[in-house]
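A structural walkthrough
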Amino acid sequence: MAVKKLDETTYEVSAVREGEEFKHLKEHVLVHFKDAKVDGFRPGHVPANVIEKKFKKEIDREILNHIISDEYQKAVAENELKPIADIKLEKYEIQADKAEVVFTIPVLPAFELGQYKGLEVEKENFEVTDEKVNEEIEGMRKNASKLKEVPENEEAKNDDVVNINFEGFVDGVAFDGGKAEGYDLTLGSHSFIDTFEDQIVGHKKNDEFDVNVKFPEAYHAENLKGKPALFKVKVNSIKRKEEAELNDDLAKELGFESVDDMRAKTRENITKREEARVENEFKNKIIEKVVDGTNVEAPRALVDREIEFQINRFAQQLQMQGINLSQYFQMTGQTIDKMREDSREMAEKSVKTELVLSEISKVENITVTDEEVDNEFEVMATMYGMDKESMLNEVKKSGNYQRFADEAKYRLVNKKTIDLLVKETKVR
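Reference entry: report on the structure contained in this document. Each residue is numbered by its place in its chain's sequence as written, counting from 1. Only residues with pLDDT of at least 70 get local features here, since the model is predicted, and only at 80 or more are side-chain atom pairs given and counted; chain-wide, interface and lining totals rely on the full set of residues. Only hydrogens and water are removed before side-chain values are computed, so all heavy atoms of the structure are retained for them.

Where helices and strands are cited, they refer to DSSP runs of H or I of at least four residues and of E of at least two residues respectively, numbered from the N terminus. Assigned secondary structure in the protein consists of 12 helices and 11 strands. Radius of gyration means the value over C-alpha atoms here, while the globule rule gives 2.2 Å times the residue count to the 0.38 power. Here the C-alpha radius of gyration of the protein, 31 Å, is well above what a compact globule of 428 residues would show, namely 22 Å. Projecting the C-alpha coordinates of the protein onto the three principal axes gives extents of approximately 90 × 70 × 45 Å. Think of it in three bands: residues with accessible area under 20% of the maximum for their type are buried, residues over 50% are exposed, and the middle band is partly exposed, with areas taken using a 1.4 Å probe on protein chains only. Burial analysis of the protein (428 residues in total) assigns 37% to the buried set. Intrachain contacts of the protein at a sequence separation of at least 6 include 69% that bridge at least 24 residues. Residue exposure ignores everything except the shown protein chains as possible cover, and the areas themselves are Shrake-Rupley values with a 1.4 Å probe. Total accessible area on the protein is roughly 26500 Å²; 46% of this is exposed by carbon and sulfur atoms. By definition in these notes, contact holds between two residues if any of their heavy atoms fall within 4.5 Å.

The next point concerns helix 12 (residues 401-423). Compared with the 33 Å implied by 1.5 Å per residue over 23 residues, the 33 Å span of helix 12 between its first and last C-alpha is a close match. What helix 12 keeps buried is the set Phe404, Ala405, Ala408, Leu412, Val413, Asn414, Thr417, Ile418, Leu420, Leu421 and Val422. On its buried face, helix 12 is in contact with helix 6 (259-292), helix 9 (336-363), helix 10 (370-383) and helix 11 (388-397). A helix is expected to span 1.5 Å for every residue after the first.

Attention now moves to the pattern of salt bridges. When a carboxyl oxygen of Asp or Glu is within 4 Å of a side-chain nitrogen of Lys or Arg, the pair counts as a salt bridge. In this structure the tally under the stated criterion is 38 salt bridges. Lys26 is the salt-bridge partner of Glu52, the closest N and O atoms lying 2.8 Å from each other. Of the two residues, Glu52 sits in helix 2 (residues 48-54) while Lys26 sits in helix 1 (residues 19-30), which places them 26 residues apart along the sequence. Since its relative accessible area comes to 28%, Glu52 is described here as partly exposed. Classification of Lys26 by relative accessible area gives buried; the value is 18%.

Residues enter patches when their relative accessible area tops 30% and they take part in no salt bridge; the joining distance is 9 Å for like charges and 5 Å for the nonpolar side chains Val, Leu, Ile, Met, Phe, Trp and Tyr. A cluster of nonpolar residues, Met383, Tyr384 and Met386, forms a patch on the protein surface that exposes about 330 Å² of accessible area. Residue placement: Tyr384 occurs in the loop between helix 10 and helix 11. Overall, the relative accessible area of 47% leaves Tyr384 in the partly exposed class.

With that settled, consider the nonpolar core. Side-chain atoms within 4.5 Å link the members of a nonpolar core, which is a set of buried Ala, Val, Leu, Ile, Met, Phe, Trp, Tyr and Cys residues. If you look at the biggest cluster of nonpolar residues, it comprises 60 residues, and the most contacted ones within it are Ile164, Tyr183, Leu185, Phe196 and Phe231. Here this core gets seven residues from one element, more than from any other, and that element is helix 9. Excluding residues that lie within four positions of it along the chain, Phe196 makes contacts with Ile164, Leu185, Val211, Val213, Phe231 and Val233. With 26 residues, the next largest nonpolar core counts Tyr11, Leu30, Ile68 and Phe103 among its residues.

We note that Asp194 has phi near 50 degrees; this positive angle belongs to a residue other than glycine. Within the secondary structure layout, Asp194 lies in the loop between strand 8 (173-186) and strand 9 (208-214).

This paragraph deals with the sheet that holds strand 3 (residues 88-94). A pair of strands is treated as paired once DSSP finds two or more bridges between them. In space, the four strands of this open sheet follow the order 1-2-4-3, with antiparallel pairing throughout. Edge strands, defined here as strands with exactly one partner in the open sheet, are strand 1 (2-7) and strand 3. Direction aside, the axes of adjacent strands within the sheet are offset by 15 degrees on average. Note: strand 1 against strand 2 (residues 10-18), five bridges, orientation antiparallel. Considered in strand 2, the bridge of Lys4 is made with Glu12. To obtain an axis, a line is fitted to C-alpha atoms, over the contacting stretch when the element is a helix, and the angle between two such axes runs from 0 to 180 degrees between their N-to-C directions.

Note that Lys225 resides in the loop between strand 9 and strand 10 (228-242). Taking the C-alpha atoms as reference points, Lys225 and Lys98, 127 residues apart in sequence, are found 49 Å from one another. When neighbours within four sequence positions are excluded, Lys225 is seen to be in contact with Pro216, Glu217, Ala218 and Tyr219.

Following this line, the structure appears as structure tokens:
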């Protein structure tokens, strides 16, 4: 076996089995096939050469698994590696009396922490002015505006919410993901490709018409790139915002006693929110300064995992709006590869931050007690609208309790680590 360090996050393992060693390994694997069923032979009486020919792929795979299992364990133990993901098979060649395997192991990088105590970081001062309070109240007034369906003879215009049915065709053929019914679209939001929304402006309820657009040249679906498309559209309804008037009735509708009470409580809410924002930004500045001051490489395996996590989270958010990723890509001209590329920088930063905070928690011996974890479960249960026992029972039924508990511990250790950094930082 040969182990070679390719970079801070990857080790390469090369192994060869040949001669008597390979022969013994192959014989060991063939034992598992001795009772295999082969037409024309009784179980247990199939000649070895017949078994080798019929089950060659399966036998080769077993030989590969044995070699990788042995060499992986040795490489990790002898080199004190900290694997973070599955291995990647780079080479596998098998001959009559020899097998050669090369695979890589993604590992946690070794690195020296930079300065994380005695830093000086600027903290914002803020003031809640009357202007900010008025701006917030104006926002609440606008948000209290209700969508009201316009009369049938009125035409749709920008900022209206139109409910539509649509189906898209390219070269006269409907394409996957190009159809929806009862879809709410805000005109002027540029959610759809090309001039789709512009061509709905001016139409009325129950209008049925064609919309002609062109897919972007860089579109993700090869069969749609740069092609003209026709969408058959029907307008089910048109809704327009009816602005609310600021008075005591509106204030009561929004949960206040009066406009004066609305102003007083809005000032309190802004103060609490701004305090939390400033504190959060201060923490983020500290973390960023600590991470920037540490030379650490983000393992690609962890970065790729973080990217997929971000995309899956975005997909879940879309699902809550009634659309899937495929539909989103068709509407926006975005592609999965472009989305991954755009997410990489943020994912690398997130992984580096996680590595640095984890290392600080180890150096500072930051731990959590069972009582603290139990309290965290109480907080989570309240957040989910459940009692703690019911929540934990559901988690145990799904078989995810250990992961659930580990994540809770991680969050608590992370919070304590950040609190330590804040405590050790001088405000500038």
